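Here is what each chain is made of, one letter per residue.
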Number of protein chains: 2
Amino acid sequence: MANTKLQSVLDHVDADLENSLERLFAWLRIPSISADPAFAADCRQAARHVADDIASLGVSAELRETAGHPVVMAKTGSAAARPHVLFYGHYDVQPVDPLELWHRPPFEPQRCLHEDGREILVARGAEDDKGQVMTFIEACRAWKSVTGSLPLDVTFLIEGEEEIGSKNFVPFLDANRDELRADYALVCDTSMWNADTPAITTSLRGLLFEEVKITGPSRDLHSGVYGGGARNPIRVLTDILGRLFDDTNRITIPGFYDGVKNLPVDVFRQWKTLNLTPEDFLKPVGLAIPAGEKDRLLIEQISSRPTCDINGIVGGYIGEGSKTIIPSMASAKISFRLVEGQDPAKIRAAFRSFVEARVPGDCRVEFEDHSAAPAIALAWDMKPLAAAKQALSEEWGREAVLIGSGASIPIVADFKDRLGLDSLLVGFGLDDDNIHAPDEKYDLRCFHKGIRSWVRILAALAEMKWFRRRERNAAGAWWPWVSGPDGRRFSSRS
Amino acid sequence: MANTKLQSVLDHVDADLENSLERLFAWLRIPSISADPAFAADCRQAARHVADDIASLGVSAELRETAGHPVVMAKTGSAAARPHVLFYGHYDVQPVDPLELWHRPPFEPQRCLHEDGREILVARGAEDDKGQVMTFIEACRAWKSVTGSLPLDVTFLIEGEEEIGSKNFVPFLDANRDELRADYALVCDTSMWNADTPAITTSLRGLLFEEVKITGPSRDLHSGVYGGGARNPIRVLTDILGRLFDDTNRITIPGFYDGVKNLPVDVFRQWKTLNLTPEDFLKPVGLAIPAGEKDRLLIEQISSRPTCDINGIVGGYIGEGSKTIIPSMASAKISFRLVEGQDPAKIRAAFRSFVEARVPGDCRVEFEDHSAAPAIALAWDMKPLAAAKQALSEEWGREAVLIGSGASIPIVADFKDRLGLDSLLVGFGLDDDNIHAPDEKYDLRCFHKGIRSWVRILAALAEMKWFRRRERNAAGAWWPWVSGPDGRRFSSRS
C-alpha cells in the first residue's frame, strides 16, 4: 500500500474531525445504561444508532437479539484472500450516580477546556466505550471515503452488556461461532501509558463480582428497645468485611493467593524502570499512600496482583439526620481483580465459605454473582502485535509500550476460549478520564490521534501476509478450529 | 374525690371512644416527619392541630417558635392551691422508609385486626408518640366533659423535634423556665411490661448519636485501574466498625465501660424473676441468640448495659447490578445507648479518637453529632410514683411493675437538670408496636385503657397533698429553684 494513499486517508481524518465529533456526540446523547432496566429502550436505541452508523460505511449491519440487550453485528463482504479482523466494543455505559457530582448533564456531551488547557469531550461514555469505538469506526470511514473500501475484512461486534458482565453475550458467541470467524480480534477499551505514550495491553486482570446480603431481624427494630439484645446485620456485615484484609493489606480468604505467580524477572525489571510513583498515580486523585500489599511495587499492586474492593455498601437509615433503628438487612457489593493462576469459581467458593463461617446462627446470608472471569495473559510474540506497535509508534512519535492492565475485559478470555481468537488490545484512554465516575471525559487529542492510529494499524495489518498461512483443516474448512478430546473447541493457534 | 365521679369519667371514656379515635386519626394523617426538611410545613400543621385540640378543652394553647419546629404550649388557669403537672409528649414522627415494606400507607391510619385477633391502629405515629399523647389529652377531655374542669393544673408541652434530638427544645426550656413551673412532669412515651401488665419506667438509657464520614479519593475511581493501589473508604470504614466489638460482644473503645455499675442486687434479683427469654423477646422479630455481652442476662443487655449499634451505612454504588468503582466516600450512623455513670461527652471524645487513630493518612474523617444525652435513673421512692402505680394496677387488674427502659428519652434528663422536675414515665406501648419501623401500630386496648389509666392517675395525683409542701423561697417565689455556685440552676428537691 503506497504511503501516499495512507497519507490521503490520514489527511481525510484531519479534515473530517468536526463531523466525526458530531457523530460521536449524537451517540453519546443516548443514555444506554445497561445496569438499570429503566434504560432498556435507550440501550436498544444506542444499538440501532451505531448499527446505522456502521451501515453508512456500506457494511450490512443488524441488531441480533439476546436474552438481554441486543448485539450489533456487521460484516464487510467476505473476500477469502484478505485478512479478517473482528472489532469488538460496547455501546452500554455505566450508571451516572452520584449525579450531583457531575458538572454537566452526563448525556449532553460537550467539548470544553480542561483546567490545564487540554481540549476534552465530556459525557458518560465519552471514553468508555463509545469514544473508543468511534476511533475505529471513523478510521474505517476515512478508508472508505478515500479508497472506496476498507483495506481488510472487518466484523464489527458491538455488545450492550459489557458493564454488567456480558452474561448474554457469551452464549451469543457460542451460538454464532461460524459467523464470527476471523483471524484476530481488535479490542478498543484500554488506555495509553500516559498522554504522550501509546500502549498495547498484553495482560488483563480477571473479575469476580459478588453481592452479599445479610438479613437479621424480620423487621427494622428500635435500637433503644432491642439494642444490645438483637443482632444488627450492619454490624455482622462490617465485622466480616473488616476481616477480609490483614495488617499488610493481604487478603485473608484461605487459598486466595494459590497459583498466583511473581512477575517474570525481565517484566519486573521493565516495570521497575517505568518508575510509577504515588506522586504520579495517586496524587491526581487526592491520595498519597499505596493501599495494596506492603511488599509490592505500586505498579504491581494495580497491574499484576489480585485485589479485593468493596464497591458499594448499604443498610439501615441513610437519609438526613438520625434514626435509631436496628435494620433488618444490610448488603455489600464486593469485587475481586484476579490474576493468572486464579480460578474465579474457586475464589468465589472460598469467599462464600469465608462469609458463611462468620454469619451468626440467627442471620441469613444470600449471595448474588454479577460476574466471574479469569485473568488473561496475551502472547507477547503474537504476530500482529509488532505491526500495531510500529504503527502506533509512528503516529505518536514515541515508542509504544506493552503493559499489563489492572482492569478486566472478560470477553477477551471468551474470544480465546470460545472462538480461538487472540485479541490485540489498543486504546486511547487516560488515567484521568473519570471512567465509571462523574465527569467522564475523553481527550480530543486521544480521539483524533486514536482515529489516525487505527488508520495506520489497519494499513499495517492489511499488508501483513500472516493470514495466508491459514490452511484448510481436515473437514475442508478454512477455519482453524479443531476439537479437543473433551469436545471443547480450541484454536490450533493457541 | 368520690368514686362515683371517677366512675362517671371512666364511663364517659368508654362511651366516647369512637370520637377519641377520630380525633387521633385526624392528627395521624399529618406527616410530621421532623428529620426531613421537606416535611417542615407538615410539622407545623401537626403542631397547630394538637394546639387546637388542647384549646378545645378550654385551655389557652399556642405555638411557640424555636430555631426549628415549633413547640405547643398550653396551661390551665393557675390555681395556686392545686397540684400542677407538666405533661410532655411530641408531635413529630420518624421517617417512613423503607416505605415499600409498609402494608398500608403510613399516613392513612386504619383500625384493623392483627393476625392474632387483637384490634390495632396502624399508622406512623400511632404509638410513638401521637397515640400515647392522645391517651392523656382524651383523659383530660373526659374529666372536662363530666366535671367541667380538670382535677389539677396542667401545662401541656408538646415538642416537634424529639426524634431528631430536641436540639431546639432544650434552649426553649432554658428560655421559659418561669412559665414551665410545675410539681412533676408526666411523660407518656414508654411501654408496658407486656400486653397485660402496666409499667412505670424508672430508668432510661442515654443516647449518643454520631455520624462518621470517611473521604478517600477525590472522586470515584475505576476499581480495575486503581484497585490495589488506591485507598477504598468503604474498606477503611468497615475495618474500623469491625473493630468496635471484641469476641465477647464487649465494646472495645478505651474507657467505654468506665463508671458503669452492676445492678443493685435486689433489682438484679427482681429482673431475674421476670425471666425474659430469647423465645419471648427475640423470636417474634425472627431472631434467636442474644447479641449483647456474653456474660449478661438478656434483660440486662437491653435495659441496663450500654450498647453500640450501627443504624445506617452507605457508600459506593448501591443501585441494581454491579459497578466497579472505588468510591470517594463512605459514611455510617452510629449510636450508643448509655447507662448511669457514662458521660456522653467523654464517650464521644473516646469514640472519635478510636476512629481517628485508624484513619489512614491520606483519608479524611468528619463527624457530625446528632444527639448526646446521659442516662437517667429516677428515684424509686418518688412521691407520685406509688399513687400512679396503684391507679395503674386498679385499671389493669394486675400489679404495675417498675422497669428500666433500654430506650432513651433525653428530655427527662433536661427536665431534671434545667427545670428541677422529676418525671413520672407511664406509657402503653408494646414491644411489637413496630415503632421506628414499617407498619407501626398501637393496640386499641392500649389506647382505650391508656385513656382510662390517665383518668385514674389524674384523680390519684389530685388527691395527694404533696403539692402543699411547696414553700416560698428566699426571693418570695413559690418555685423551688436556687442558684448553684456555678450559676447553673438546680432544684432544691434534687
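Above this text sits the structure in question.
Just so it is clear, the structure is predicted and the values come from calculations on it, not from any experiment.

Calculation criteria
Residues numbered from 1 in each chain as written. Chains lettered and ligands numbered in written order. Predicted model: local features only at pLDDT ≥ 70, side-chain atom pairs only at ≥ 80, totals over all residues. Heavy atoms only, no water. Helix = DSSP H or I, 4+ residues; strand = E, 2+ residues; numbered from the N terminus. Rg over C-alpha atoms; globule rule 2.2 N^0.38 Å. Buried < 20%, exposed > 50% of the residue type's maximum accessible area, 1.4 Å probe, protein only. Contact = heavy atoms within 4.5 Å. Areas by Shrake-Rupley, 256 points an atom, 1.4 Å probe, with all protein chains shown as cover. Polar contact = N/O pair within 3.5 Å; in protein donor to acceptor, adjacent residues only side chain to side chain. Buried area = accessible area lost by both parts, 1.4 Å probe. Salt bridge = Lys/Arg side-chain N within 4 Å of Asp/Glu carboxyl O. Expected span 1.5 Å × (residues − 1). Pairing = 2+ DSSP bridges. Axes fitted to C-alpha atoms, helices over the stretch in contact; angles between N-to-C directions. Parallel < 35°, antiparallel > 145°, perpendicular 65-115°, else oblique. Left-handed = near helix turned anticlockwise from the far one by under 90°. Nonpolar A, V, L, I, M, F, W, Y, C, P; charged D, E, K, R; others polar. Disulfide = S-S within 2.5 Å. Least-squares fit on C-alpha atoms with pLDDT ≥ 70 in both. Phe/Tyr/Trp six-rings, centres within 6.5 Å; stacked < 30°, edge-to-face > 60°. Lys NZ or Arg CZ within 6 Å of the ring centre and 35° of its normal.

J.: Quick question: what am I supposed to make of the overall build of chain A here?
T.: The number of helices and strands found in chain A is 14 helices and 20 strands. Relative to its length of 494 residues, chain A is compact, with a C-alpha radius of gyration of 24 Å against a globular reference of 23 Å. The 494 residues of chain A split such that 60% are buried. Look at the contacts in chain A between residues 6 or more apart in sequence, and 78% of them connect residues 24 or more apart. On chain A, roughly 18,400 Å² of surface is accessible, and the fraction owed to carbon and sulfur atoms is 49%.

J.: In this structure, what is going on with the side chain of D92 of chain A? I would like to understand it.
T.: Residue and element names in this part refer to chain A. Along the chain, D92 falls in the loop between β3 (84–90) and β4 (110–113). Looking at D92, its side chain comes within polar contact range of the main-chain nitrogen of E163, at 2.9 Å. Setting aside chain neighbours within four positions, we find D92 in contact with S32, S34, D128, E159, G160, E161, E162, E163 and I164.

J.: So what exactly am I meant to see when it comes to the interface of chain A and chain B here?
T.: Quoted interface sizes are often the accessible area lost when the parts come together. Of the residues lining the interface, 89 residues belong to chain A; the matching set on chain B comes to 89 residues. Approximately 7,600 Å² of surface area, both sides summed, lies buried where chain A meets chain B, with 53% of it carried by carbon and sulfur atoms. At the surface where chain A touches chain B, the tally comes to two salt bridges. For the side of chain A that touches chain B, the secondary-structure elements that each account for two or more residues are β9 (206–215), β10 (221–222), α6 (223–226), α7 (233–242), α10 (298–303), β11 (307–316), β12 (325–326) and β13 (329–338) of chain A.

J.: Would you mind going over helix α3 (residues 40–55) of chain B with me for this structure?
T.: Side chains three or four residues apart in an α-helix point the same way, a direct result of the helix having 3.6 residues per turn. With 16 residues, α3 of chain B extends 23 Å from end C-alpha to end C-alpha; this agrees with the ideal 22 Å at 1.5 Å per step. Packing partners of the buried residues in α3 of chain B comprise α2 (17–28), β1 (60–64), β2 (71–75), α4 (130–147) and β6 (153–159) of chain B.

J.: Sorry if this is basic, but what is going on with the sheet that holds β9 of chain A here?
T.: Backbone hydrogen bonds hold the strands of a sheet together, and the pairing may be parallel or antiparallel. Read from one edge to the other, the open sheet built from eight strands follows the order β14(A)-β9(A)-β13(A)-β11(A)-β11(B)-β13(B)-β9(B)-β14(B), with strand pairing classed as antiparallel. Taken across any chain shown, the strands that pair with only one partner, and hence form the sheet edges, are β14 (364–373) of chain A together with β14 (364–373) of chain B. Sheet twist, expressed as the average angle between the axes of neighbouring strands with direction ignored, equals 20°. Bridge count for β11 of chain A against strand β11 (residues 307–316) of chain B is five bridges, and the pairing is antiparallel. By the bridge assignment for β11 of chain B, G312 of chain A is matched with G316 of chain B. The sheet contacts of α7 of chain A involve β9, β11 and β13 of chain A together with β11 of chain B, and relative to β13 of chain A the element is tilted by about 20°.

J.: So what exactly am I meant to see when it comes to the pairing of β1 of chain B here?
T.: Residues and elements named next belong to chain B. Pairing between β1 and β2: five bridges, direction antiparallel. Paired with S60 across the strands is K75, a residue of β2. Following β1, the chain reverses through six residues before pairing antiparallel with β2.

J.: Is there a simple way to explain the packing of α2 of chain B against α4 of chain B in this structure?
T.: A pair of packed helices can be characterised by two numbers: the angle between their axes and the separation between those axes. Residues and elements named next belong to chain B. Remark: α2 packs on α4, axes separated minimally by 10 Å, with the N-to-C direction vectors making an angle of 140°. With respect to α4, the element α2 is oriented oblique. Judged by the twist between their axes, the crossing of α2 over α4 is right-handed. On α4, the residues touching S20, R23, L24, W27 and L28 of α2 are K130, G131, V133, M134, E138 and R141. Here the contact of α2 with α4 is composed, by residue class, of five nonpolar, two polar and four charged.

J.: Any chance you could explain the pairing of strand β8 (residues 199–204) of chain A here in plain terms?
T.: Across a regular strand the side chains alternate sides, sitting on one face of the sheet and then on the other. Residues and elements named next belong to chain A. The buried fraction of β8 is high, at five of six residues. Direction of pairing for β8 relative to strand β16 (residues 401–405): parallel, over a ladder of five bridges. For T201, the partnering residue across the bridge sits in β16 and is I403. In this sheet, strand β17 (residues 423–426) lies alongside β8 in antiparallel orientation, the contact comprising two bridges. Along β17, the bridge assignment pairs T201 with L425. Sheet topology note: the β8/strand β15 (residues 376–377) ladder contains two bridges and is antiparallel. Note that in β15 the partner of S203 across the bridge is A377.

J.: Before we go on, may I ask you to explain the side chain of T307 of chain B in this structure?
T.: Within the fold, T307 of chain B resides in strand β11. Classification of T307 of chain B as buried rests on a relative accessible area of 5%. Residues contacting T307 of chain B, with those up to four places away along its chain left out, are G227 and G228 of chain A together with R205, I251, F256, Q301, S335, F336 and R337 of chain B.

J.: Just checking my understanding: could you explain helix α4 (residues 130–147) of chain A for this structure?
T.: Residue and element names in this part refer to chain A. Its 18 residues give α4 an end-to-end C-alpha distance of 25 Å, which sits within 8% of 26 Å, the value for a rise of 1.5 Å per residue. Among the 18 residues of α4, 14 are classified as buried, and the element is accordingly described as predominantly covered. At the exit of α4 stands G148, carrying a positive phi of roughly 85°.

J.: Could you clarify how one ought to interpret the sheet that holds strand β18 (residues 441–443) of chain B in this entry?
T.: Residue and element names in this part refer to chain B. A sheet is described by the order of its strands in space; here three strands give the open sequence β4-β5-β18, paired in antiparallel fashion. Strands at the two margins of the open sheet, each flanked by one partner only, are β4 (110–113) and β18. Mean inter-strand twist for the sheet, computed between neighbouring axes without regard to direction, equals 35°. Bridge count between β4 and strand β5 (residues 119–122): four bridges; the pairing is antiparallel. For R111, the partnering residue across the bridge sits in β5 and is L121. Those strands touched by helix α14 (residues 444–463) are β4, β5 and β18, and its axis lies near 60° from that of β18.

J.: Please explain the state of the cysteines as it appears in this structure.
T.: Here, disulfide denotes a covalent bond that connects the sulfur atoms of two cysteines. Throughout the structure, instances matching the rule amount to zero disulfides over all chains. Considering cysteine sulfurs only, C308 of chain B is the nearest to C363 of chain A, which forms no disulfide, with 16 Å between them.

J.: Explanation requested: the relation of the copies chain A and chain B in the structure shown.
T.: What relates the pair of chain copies is a rotation about an axis plus a shift along that axis. The transform that puts chain A on chain B rotates by 180° and translates by 0.0 Å along the axis, for an RMSD of 0.1 Å. When the rotation and shift are considered jointly, the pair of chain copies conforms to a two-fold rotation axis. By residue overlap, the copies meet face to face through one surface: 100% of the interface positions of chain A are interface positions in chain B.

J.: Please clarify how the packing of aromatic side chains should be interpreted in this entry.
T.: Aromatic rings considered in pairs are described by the distance between their centres and by the relative angle of their planes. Tallied over the entire structure, the rule returns 30 aromatic pairs over all chains. On the numbers, 5.3 Å between centres and 65° between planes, the contact of F336 of chain A with F351 of chain A is edge-to-face. Placement of F336 of chain A in strand β13 and of F351 of chain A in helix α11 (residues 344–356) is noted, with a sequence separation of 15 residues between them. Between the aromatic rings of F256 of chain B and F336 of chain B, the centroid separation amounts to 5.7 Å while the plane-to-plane angle is 45°, which identifies the pairing as tilted. You can see F256 of chain B sitting in the loop between α7 (233–242) and α8 (265–274) and its partner F336 of chain B sitting in strand β13 (residues 329–338), a full 80 residues away along the chain. Given the relative accessible area of 1%, F256 of chain B is considered buried. Through pairs of rings, three or more aromatic residues link up here, namely F87, F136, F156, W396, F428 and W454 of chain A. Here R235 of chain A stacks its cationic end above the ring of F245 of chain B, 3.6 Å away from the centre of that ring.

J.: Sorry, what's going on with the environment of F172 of chain B here?
T.: Residue and element names in this part refer to chain B. Tracing the backbone shows F172 in helix α5 (residues 169–175). Sequence-wise, F172 and R64 are 108 residues apart; in three dimensions their C-alpha atoms are separated by 9.0 Å. Ignoring any residue separated from it by four or fewer positions in sequence, one finds F172 in contact with R64, E65, T66, V71, M73 and L157.

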